[in-house]
Amino acid sequence: MSAKSIQITYQLKTILLAVTLGLLLNGCRTVRPALPVKGLLNRTDNLALGNPSGASANDPENYLITRPQYMLSYSRSRGIANWVSWRLSTSWKGDSKRTNDFRPDPLIPKGWYAVRTSDYTNTGFDRGHLCPSDDRDATPEDNAATFFLTNIVPQAPRHNREVWKSLEDYERQLMNNGNDVYIMAGTSGTGGTGQNGSATSLAGGKLTVPATLWKILIVVPTGTDDTFQLTPSTRVIAVNIPNTQSAADKPWQAYLTSIDALEILTGYDFLSNIDVDTQRHIEMRVDGGIN
């Protein structure tokens, strides 16, 4: 065999060996699971859309309290929640009676002031729910959980009983029309006007009277899947209502705003569990689909 033939044979063997090794290595590769899809959300999670303030067990002004019925961020110095987050669906609805069992929250850390129901007595402010009693009446235990005073804020009576209640009723109407509604409600600022006039705090300064109450509703068609996603066309309702008696002179629709505006007001990052492009589309929008 000539030197040239030997060289060609050697080159062919080298190529064949490289191809064979490549096929073997490819066959031995471990198949990795697909990465989680950004924005694929847990349908049953009360905090499915994200923790807007980064609440944790290490921050007394942004203290995370977790219950099966809802999740909330609590402020030790203000004595009220920063926000409460929950999912409204037919699985949470039943015929349990309202317990009216307002009481201090046992999950408040030892040494902190735990708000008592007597702190509201004769103040001219209602004990107003953030997560409503009527959203959690599948069992007596679920309903009783809404009466922990960490879920309650000083609310102008007409605000609580009229304009805020009307919005709560509308949320349940959305649910009855075939939707899950992911809700976040919270407080902002200091100083409201109740039945006895204006006030900035109750209980000797231990309990702040908020200036406004805000709420965000994300409307998602009911489904059987464990997960769901938001799209740029997902309906979003955001309101910010002054904590005054006169706020009830107008319907809740008069207080519509955008999530972007609420982010500026609160400093929070809402909908952080969904992709940035979808956030951009729905957070800038003021709802116009009221019916």
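Before reading further, recall that the structure is shown in the block above.
Analysis parameters
Residues numbered from 1 in each chain as written. Predicted model: local features only at pLDDT ≥ 70, side-chain atom pairs only at ≥ 80, totals over all residues. Heavy atoms only, no water. Phe/Tyr/Trp six-rings, centres within 6.5 Å; stacked < 30°, edge-to-face > 60°. Helix = DSSP H or I, 4+ residues; strand = E, 2+ residues; numbered from the N terminus. Buried < 20%, exposed > 50% of the residue type's maximum accessible area, 1.4 Å probe, protein only. Lys NZ or Arg CZ within 6 Å of the ring centre and 35° of its normal. Salt bridge = Lys/Arg side-chain N within 4 Å of Asp/Glu carboxyl O. Arc of directions from axis to C-beta. Contact = heavy atoms within 4.5 Å. Pairing = 2+ DSSP bridges. Axes fitted to C-alpha atoms, helices over the stretch in contact; angles between N-to-C directions.

> Looking at this model, I keep getting lost on the packing of aromatic side chains. Mind explaining?
Each aromatic ring pair is summarised here by two numbers: the centre-to-centre distance and the angle between the ring planes. By the definition in use, this model includes eight aromatic pairs. On the numbers, 4.8 Å between centres and 85° between planes, the contact of Phe-102 with Phe-147 is edge-to-face. Residue Phe-102 is located in the loop between β4 (80-88) and β5 (126-129), and its partner Phe-147 is located in the loop between α2 (140-145) and β6 (152-155); the two are separated by 45 residues in the primary sequence. Overall, Phe-102 belongs to the buried group, its relative accessible area being 13%. Residue Phe-147 is classed as buried on the basis of its relative accessible area of 0%. Ring geometry for Trp-214 versus Tyr-268: centroids 6.5 Å apart, planes at 65°, classification edge-to-face. Within this pair, whereas Trp-214 is found in strand β12 (residues 212-221), its partner Tyr-268 is found in the loop between α4 (259-266) and α5 (276-283), the two being separated by 54 residues in sequence. The exposure class assigned to Trp-214 is buried, which follows from its relative accessible area of 0%. Taken together, the ring pairs connect Tyr-63, Tyr-74 and Trp-112 into an aromatic cluster. Sitting over the face of the ring of Phe-148, Arg-103 holds its NZ or CZ atom 3.9 Å from the ring centroid.

> How should I be thinking about the pattern of salt bridges in this particular structure?
Proximity of charged atoms lets side chains of opposite charge pair with each other. Enumeration according to the criterion identifies 16 salt bridges in this entry. Where Arg-103 meets Asp-101, a salt bridge forms, and the shortest distance between an N and an O atom there is 3.4 Å. For Asp-101, a relative accessible area of 35% translates into the label partly exposed. Of the charged contacts in the structure, one is a salt bridge between Asp-287 and Arg-235, with a shortest N-O distance of 2.9 Å. A residue pair is termed long-range when its members are at least 10 positions apart, and Asp-287 in the segment after α5 and Arg-235 in strand β14 (residues 235-242) qualify at 52 residues. Look at Asp-287 and you get buried, because its relative accessible area is 11%. Three or more residues are tied together by salt bridges with common partners; here these are Asp-134, Asp-135, Lys-165, Asp-169 and Arg-172.

> How should unusual backbone geometry be read in this particular structure?
Note: most peptide bonds trans; most residues except glycine with negative phi. The phi dihedral of Asn-122 is positive, around 60°, even though this residue is not glycine. When you line up the elements, Asn-122 lands in the loop between β4 and β5. Phi is positive for Leu-271, which is not a glycine, with a value near 60°. Locating Leu-271 in the fold gives a position in the loop between α4 and α5.

> Looking at this model, I keep getting lost on α5. Mind explaining?
Since there are 3.6 residues in each turn of an α-helix, residues three or four apart along the chain are aligned in direction. Taken together, the buried positions of α5 are Thr-278, Gln-279, Ile-282 and Glu-283. Across the axial projection of α5, the buried residues extend over an arc of 110°, all falling on one side. On its buried face, α5 is in contact with β14 and α4.

> Got a minute to help me understand the sheet that holds strand β7 (residues 179-188) in this structure?
Within a sheet, adjacent strands bond to each other through the backbone by hydrogen bonds, running parallel or antiparallel. Strand order in the open sheet formed by seven strands is β2-β3-β4-β7-β12-β14-β15, with antiparallel pairing between adjacent strands. Two strands in the sheet have a free side with no partner beyond their single neighbour: β2 (63-66) and β15 (256-257). Note: strand β3 (residues 71-75) against β4, five bridges, orientation antiparallel. Residue Met-71 lies in a different strand from β4, and its bridge partner there is Ser-85. Contacts from helix α3 (residues 157-176) reach β4, β7, β12 and β14, with the element oriented near 10° to β12.

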